[in-house]
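Remarks on the overall topology
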Amino acid sequence: MTYVDLILVLDSTVRLATPLIFACLAGLYSERAGIVDIGLEGKLLGAAFGAAVVAAITGSAWAGLFAGVGVSLCMSAIHGFASINLRGNQIISGVALNFLAAGLATFLGQSWFGRGGNTPQLPSGARIPTITLPFANEVQDVPYIGYFYYELISGHSILSYIAFLIVPITAFVLFRTRFGLRLRAVGENPKALDTAGISVTLLRYQALAITGILVGIGGAYLSIAQSAGFTNNMSAGRGYIALAALIFAKWRPWPALATCLLFGFLDALQFRLQGVALPGIGQVPTQAIQALPYVLTIILLAGFIGRAVAPKAAGTPYVKER
Amino acid sequence: MERVNHPDAQRPQGAAASAPAIELRAINKSFGPVHANRDIDLSVQKGTVHGIVGENGAGKSTLMSILYGFYTADSGDILVNGKTVSISNSSDALSLGIGMVHQHFMLVDNFTVLENVVLGAEGSALLGRSLSKARSELQRLARDYGLEVSPDTLIEDLSVGQQQRVEILKALYRGADILILDEPTGVLTPAEADHLFRVLATLRNEGKTIILITHKLREIMAITDAVSVMRQGRMVATVPTSETSPEALAELMVGRRVLLRVDKDEARPGDVKLAVENLTVADDAGVIRVKGVSFSVRAGEIVGIAGVAGNGQSELLEAIAGMRRPVAGRVIVNGHEVTTHGEAGAAELRQKGLAHVPEDRLRMGLVTNFEAWENSILGYQDEPRYGGGLALDIGASRREFEGRIAQYDIRPANPRLKTANFSGGNQQKIVLAREMERDPDILIVGQPTRGVDIGAIEFIHNQIVKMRDAGKAILLVSVELDEIRSLSDRILVIFDGEIVGEADPASADEGELGLLMAGVHNKEAAQ
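Residues numbered from 1 in each chain as written. Chains lettered and ligands numbered in written order. Predicted model: local features only at pLDDT ≥ 70, side-chain atom pairs only at ≥ 80, totals over all residues.

What follows is about the overall build of chain A. Scanning chain A for helices and strands turns up 14 helices and two strands. Its C-alpha radius of gyration of 20 Å places chain A within 12% of the 20 Å reference for a compact globule of 322 residues. Taken over the C-alpha atoms alone, chain A extends approximately 70 × 50 × 40 Å along its principal axes. Relative to its 322 residues, chain A shows a buried fraction of 45%. Sequence separation of at least 24 residues holds for 76% of the intrachain contacts in chain A that already meet a minimum separation of 6. (Helix = DSSP H or I, 4+ residues; strand = E, 2+ residues; numbered from the N terminus. Rg over C-alpha atoms; globule rule 2.2 N^0.38 Å. Buried ≥ 20, exposed ≤ 12 C-beta atoms within 10 Å, placed from the backbone. Contact = placed C-beta atoms within 7 Å.)

Okay, structure coming up:
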């Protein structure tokens, strides 16, 4: 692999990791608050669909982004109502939302646009713009460093930069602010918070709202930044990968970034390795490489990174005694 | 337990002039058909320790939860410092200066002490400033009240007594003037409890008002200025502590005369039923906890093992009951040696006539998510009378348990209620009924009355004596010295895994036993 190859793989790593980072951090907020959100997958898909539809109709990427976030927020609200107010099973609520999003997106897409569930191809004006950093074009011919700056650092979607920015913000919020302290507490022992005079319900809804916004941006990225329109089942399991990454990262922001980048890298590698015969091994089936993130999670969780302990109250509805 | 000195013991006349810190008027609260609080009136004077006693389910915790805003009363008035207030959630209570130390601590285990103290009372949106403010405030509180805890330690690394200190600090940090403690000593060692009472005395002398919920009458007598008694949702009496006695309080709590001492005849010991020879047992970490212990228990006698918790009693019990494989030594049950062929399972021991009431009923005696009747056959479910084959005879099991409910006065009398919803005393009765009604030759009992009401204690003690009089061999292990002394026919004292002395309960005095339990041997004590 040459230097250029490496940079190209890393470049697509960033692009492929962006939705994972959004979804993973989204999951971090809700699980830290004690709400398991297996519905990340459905929210990614719903947001991708909503964003593509509105962008196609209005021609505005920003309107699309808002619509995507709106869809995801609504789904978060349903999940919150089911798991906070109704004290339902969070896994079931999440799975139901996944089915709902998959079915509804295809059905609505087909009845509105008649393209087998896909939305129309977006013109470049209706897509989230990429950013060319200052001097990127000027220095692109400088060997190594210049090319690194031009190809890897510059030229990504605005949303990718936002994704990377959200990581330190999340770390700060979680560990340095009052909100973060309460968020971590409500996921560990909601009673401690209730007896301290803080509303468990309100705090959990706040966390779910942040989850909705973040995963909504991630979904919009899929359809109106990375691609030019919605295609059937375009989230393709990224919500689940994000959950795996969250466990892998033990519910901490910086390790979450690292894990998402690792999974993004494996994904990029898989595209790169398609059809390439490796010395001594021969051609590796794509499916084997696609399975790598999952295999890696199982292996590493089983033995290498030690026990990943979820927030203690995750998955259990909060009920006062009696 | 000595009475903690109160320098202003003569003050109540002066204090009565000002408004009471807490006054409750005609409080009512129902949960569905259960009337948990009926027309409760209560007045707590400022700067006093006010005890509230009552059996489990008498409504003490409900009343305090109303005061702390966890529940809202159906009717009635709450007055704090003479003003009528409405308390609809915990933050209302906190802003009125009411703090609560819950029986099960409300702490986040993987937070530091400091983080737990500030949680919910951070002050500013950024943590840095609130934490440093809390740090200096904690130092002041620690100095003033003797509540030392290292602020940066994680809660999960603290002992139970230290965790309780954090709970008290939490309340004080929020400026609590009125402190409610719900069964604070249930989880503490005697030394930790003594420390807690010194802290409470200091707080009272600083002018704080303390409400102490407990069912241990010794604590009431030792620390409180006044005591209120609740029974079945009603407030039945409020008296100055100096004018009452444990016997009078027990009678008020239960509603009938209670014998705090067990009435029993002379023992008539028969053959040796249980013999333990040079038994050596290690704990899970491999540390030797029982060091070559030998003793025997005869038919028709109760042998009590006294000792401070953690001196090998648990491991000894588990080894005899077949739950833990001894390192060396022999256990002979009813003439059968059960240790020679390795692990003697608990099931096999039961067939040989040994029944076991484990010391921790929640961990070893019951599955709390099961319905009560299911627990009543647990361990015996393969017996023919419950079906024996593939299917359980549910009808027969329930009918049998209904009989036990009547016989052991288990309340509520509902065999299908989840075991977790019974009070501690009734859970213990379920275990006792299960083990005793097998008519075993040998009964080993660990901590039979831990967390059990006074009325139920009397019943359980009488039941154990009845077994003895029926010619059963009984081994009793308890950390409650009173219990050992009143039930046992012989007392063995265990210290650091060894039996360090034997005493006759009729003649042994508390001081002598205390010295033995502390590891001072007979000979040294005599000098």
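As a further point, take the UniProt feature "transmembrane region" (unreviewed entry) in chain A. Residue and element names in this part refer to chain A. Annotation from UniProt places "transmembrane region" (unreviewed entry) at residues 6–28, 91–113, 158–175, 207–224 and 291–310. The span residues 6–28 shows a helical share of 100% and a strand share of 0%, and its end C-alpha atoms are spaced 31 Å apart. The straight-line gap between the two end C-alpha atoms of residues 158–175 is 26 Å; of that span, 100% is helix and 0% is strand. (UniProt positions renumbered as here; feature names shortened; annotations may be inferred.)

Below, the discussion takes up the packing of helix H8 (residues 178–188) of chain A against helix H10 (residues 200–226) of chain A. Residue and element names in this part refer to chain A. Contact pair H8 / H10: the axes reach a minimum separation of 10 Å and the direction vectors enclose 110 degrees. Considering their axes alone, H8 and H10 lie roughly perpendicular with respect to each other. Only Val200, Leu203, Arg204 and Ala207 of H10 make contact with H8, whose side of the interface consists of Arg182, Leu183 and Val186. Classifying every residue of the contact of H8 with H10 by side-chain character gives five nonpolar, no polar and two charged. (Axes fitted to C-alpha atoms, helices over the stretch in contact; angles between N-to-C directions. Parallel < 35°, antiparallel > 145°, perpendicular 65-115°, else oblique. Nonpolar A, V, L, I, M, F, W, Y, C, P; charged D, E, K, R; others polar.)

Here the focus is the nonpolar core. If you look at the biggest cluster of nonpolar residues, it comprises 220 residues, and the most contacted ones within it are Cys24, Ala48 and Ala245 of chain A together with Leu67 of chain B. Residues within four places of Leu67 of chain B in sequence aside, it is in contact with Ile22, Ile78, Ile87, Ala93, Ile98 and Ile180 of chain B. (Core = buried A, V, L, I, M, F, W, Y, C linked by C-beta atoms within 7 Å.)

Here we come to the sheet that holds strand S8 (residues 209–214) of chain B. Residues and elements named next belong to chain B. Spatially, the six strands line up as an open sheet ordered S6-S7-S8-S3-S9-S10, and their pairing is mixed. With one partner strand each, in any of the chains shown, strand S6 (98–101) and strand S10 (234–240) form the two edges of the open sheet. Strand-to-strand, the axes of this sheet are offset by a mean angle of 20 degrees, without reference to chain direction. Bridge count between strand S9 (residues 226–231) and S10: six bridges; the pairing is antiparallel. Within the sheet, the bridge partner assigned to Arg231 lies in S10 and is Arg234. Strands in contact with helix H2 (residues 60–67) are strand S3 (49–53), S6, strand S7 (178–182), S8 and S9; relative to S7, the strand with the most contacts, it is inclined by about 150 degrees. Running over the sheet, helix H9 (residues 246–254) touches S3, S9 and S10 and is turned about 30 degrees from S9. (Pairing = 2+ DSSP bridges.)

All names here are of chain B. Take Arg38: it is sitting in strand S2 (residues 34–44). In sequence terms Arg38 and Asn28 are ten residues apart; their C-alpha atoms lie 4.8 Å from each other. Discounting residues that sit within four places of it in the chain, Arg38 has contacts with Asn28, Gly233 and Arg234.

This paragraph deals with the interface of chain A and chain B. Facing 18 residues of chain A, the contacting portion of chain B comprises 23 residues. When contributions to the side of chain A that touches chain B are tallied by element, the ones reaching two or more residues are H8 and helix H9 (190–195) of chain A. Taken together, the residues of the side of chain A that touches chain B sort by class into six nonpolar, four polar and eight charged.

Attention now goes to the pairing of strand S18 (residues 473–478) of chain B. All names here are of chain B. With six of its six residues buried, S18 lies for the most part within the structure. Burial along S18 is two-sided: the residues Ala473, Leu475 and Val477 and Ile474, Leu476 and Ser478 are all buried. As paired elements, strand S13 (residues 301–306) and S18 share six bridges and run parallel to each other. Bridge assignment links Glu301 to a residue of S18, and that residue is Ala473. With five bridges joining them, strand S17 (residues 442–446) and S18 adopt parallel strand pairing. Each bridged residue has a counterpart across the sheet, and for Gly446 the counterpart in S18 is Val477. Handedness of the crossover joining S17 and S18 through helix H16 (residues 454–469): right-handed. (Right-handed = clockwise from strand over helix to strand, strands pointing away.)

Right, let's get into the environment of Gly123 of chain B. All names here are of chain B. On the secondary structure map, Gly123 appears in the loop between helix H4 (113–118) and helix H5 (127–145). Taking the C-alpha atoms as reference points, Gly123 and Thr84, 39 residues apart in sequence, are found 27 Å from one another. Other than its neighbours up to four places away in sequence, Gly123 contacts Ser130 and Lys133.

What follows is about the environment of Arg411 of chain B. Tracing the chain through its elements places Arg411 of chain B in the loop between helix H14 (394–408) and helix H15 (424–436). Measuring from C-alpha to C-alpha, the distance between Arg411 of chain B and Asn426 of chain B comes to 6.4 Å, with 15 residues separating the pair along the chain.

All right, on to the confidence of the model for chain B then. Residues and elements named next belong to chain B. The pLDDT averaged across chain B works out to 87; a share of 94% of its residues lies at or above 70. Confidence drops under pLDDT 50 across residues 7–16; counting only partners more than four residues distant or on other chains, this segment forms seven contacts. Here the prediction assigns the complex a pTM of 0.79, and the interface score ipTM is 0.88. (pLDDT = per-residue confidence, 0-100.)

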